[in-house]
Amino acid sequence: MSRAAGNIVTKEHVLPLWLMPYLGDPAQGGVTHTIRQGVRGPVLREWTTDTLDLAAKKVCRECNNGWMNDLENLAKPHLIPLLEGNRRVLDAPTQRILAAWAVKTALALGLANAGAKAIDVEHYRALTTLKRRPPPKTHVWLSAYRGWRHAFHHQSTLTLTDSKGSVDGYASTVSVTRPIFHVAGHSHAHEVDIVKGGIWPFAAVQIWPVLGLAHWPTRMIVDDDQLLSMATTWKTRDFVG
């Protein structure tokens, strides 16, 4: 994901085409893409195609065909059991790859979503450098979903404020059939512990930074109303200086 001068920009599908068998049968009417204002707001755009048709057009060819493709291939065998709803115990290397994939997907969706506030370019540069692990100051959680949506995405802006001022971060919730990934990142000078409060610890297991083995599905399976609420509910503990 580079915006450096001289790089050839190409088209990156924000959700890979290999996901199609899990997202519906094109013979039954194709794939309907809906973009709303907010999670329950008016429909801004809706279209149907015979395959996935949401792409970020600001990705350089070298990244698209290089480390991004490599990361996709690494994540695929770990994603498929989740898409099929199989119980999994995820070790640290698996969590790292899934978390990196979730960050890549969230940042690509940020490029594809013209209505959302742009994510700081430093997050893209950091992931381009690290490639197979999330950037510093990034948190990722994994949840389980049961509902009618084949895929869902919502991006929020996080504002982190202390005595020295405010810094914007971002939060992105991405569901693909059964797994839900929650990604949050910031550029604050200090470490910030971003957490899920209320009932959400029962519905989300942190996979980055890795805390130990992660069991999926989570104790609480998220439905449609809870998915919308989780996508817009974020909090932080006190900054760690």
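Up top you'll find the structure we're talking about.
About the cut-offs
Residues numbered from 1 in each chain as written. Predicted model: local features only at pLDDT ≥ 70, side-chain atom pairs only at ≥ 80, totals over all residues. Heavy atoms only, no water. Helix = DSSP H or I, 4+ residues; strand = E, 2+ residues; numbered from the N terminus. Buried < 20%, exposed > 50% of the residue type's maximum accessible area, 1.4 Å probe, protein only. Arc of directions from axis to C-beta. Polar contact = N/O pair within 3.5 Å; in protein donor to acceptor, adjacent residues only side chain to side chain. Contact = heavy atoms within 4.5 Å. Pairing = 2+ DSSP bridges. Phe/Tyr/Trp six-rings, centres within 6.5 Å; stacked < 30°, edge-to-face > 60°. Core = buried A, V, L, I, M, F, W, Y, C linked by side-chain atoms within 4.5 Å.

### Quick word on the overall build of the protein
Next up, step 1: Counting its secondary structure elements, the protein contains six helices and 13 strands.
Next up, step 2: Taken across its 241 residues, the protein has 48% of its residues classed as buried.

### Quick word on helix α6 (residues 224-232)
The α-helix advances 3.6 residues per turn, and as a result positions three or four apart in sequence lie on the same side.
Next up, step 1: Among the residues of α6, Asp224, Leu227, Leu228, Met230 and Ala231 are the ones counted as buried. Mapping the buried residues of α6 onto a view down its axis gives an arc of 165 degrees, with all of them on the same face.
Next up, step 2: Where α6 starts, the residue carrying a side-chain oxygen 3.3 Å from the main-chain nitrogen of Asp225 turns out to be Asp223.

### Quick look at the side chain of Arg149
Next up, step 1: Note on placement: Arg149 falls in the loop between β6 (138-144) and β7 (151-162).
Next up, step 2: A distance of 3.2 Å separates the side chain of Arg149 from the side chain of Asp224, its partner in a polar contact.
Next up, step 3: The contact partners of Arg149, leaving out residues within four places of it in the chain, are Thr177, Asp224, Leu227 and Leu228.

### So, the pairing of strand β9 (residues 179-186)
Next up, step 1: By the criterion of burial, β9 is predominantly enclosed, with eight of the eight residues buried.
Next up, step 2: Going residue by residue along β9, you find Pro179, Phe181, Val183 and Gly185 tucked away on one face and Ile180, His182, Ala184 and His186 tucked away on the opposite face as well.
Next up, step 3: One ladder, built from seven bridges, connects β6 with β9; its direction is antiparallel. Its bridge partner lying in β9, Val140 is registered against Val183.

### As for the packing of aromatic side chains
Next up, step 1: Inspection of the entire model under this criterion finds two aromatic pairs.
Next up, step 2: Ring geometry for Trp18 against Tyr22: centres 6.4 Å apart, planes inclined by 85 degrees, an arrangement best described as edge-to-face.

### Structural notes on the nonpolar core
Next up, step 1: Membership of the largest hydrophobic core comes to 41 residues, with the highest contact counts inside it found for Val140, Leu142, Val176, Phe181 and Ile207.
Next up, step 2: Contributions of two or more residues to this core are made by α3 (67-83), α4 (92-112), α5 (121-130), β6, β8 (165-176), β9, β11 (205-208) and β12 (214-216).
Next up, step 3: By residue number, the principal contributor to this core is α4, which donates 12 residues.
Next up, step 4: Non-local contacts of Leu142, meaning those with residues more than four positions away in its chain, are made with Leu82, Leu90, Pro179, Ile180, Phe181, Ala203, Ala204, Val205, Ile207, Trp216 and Thr218.

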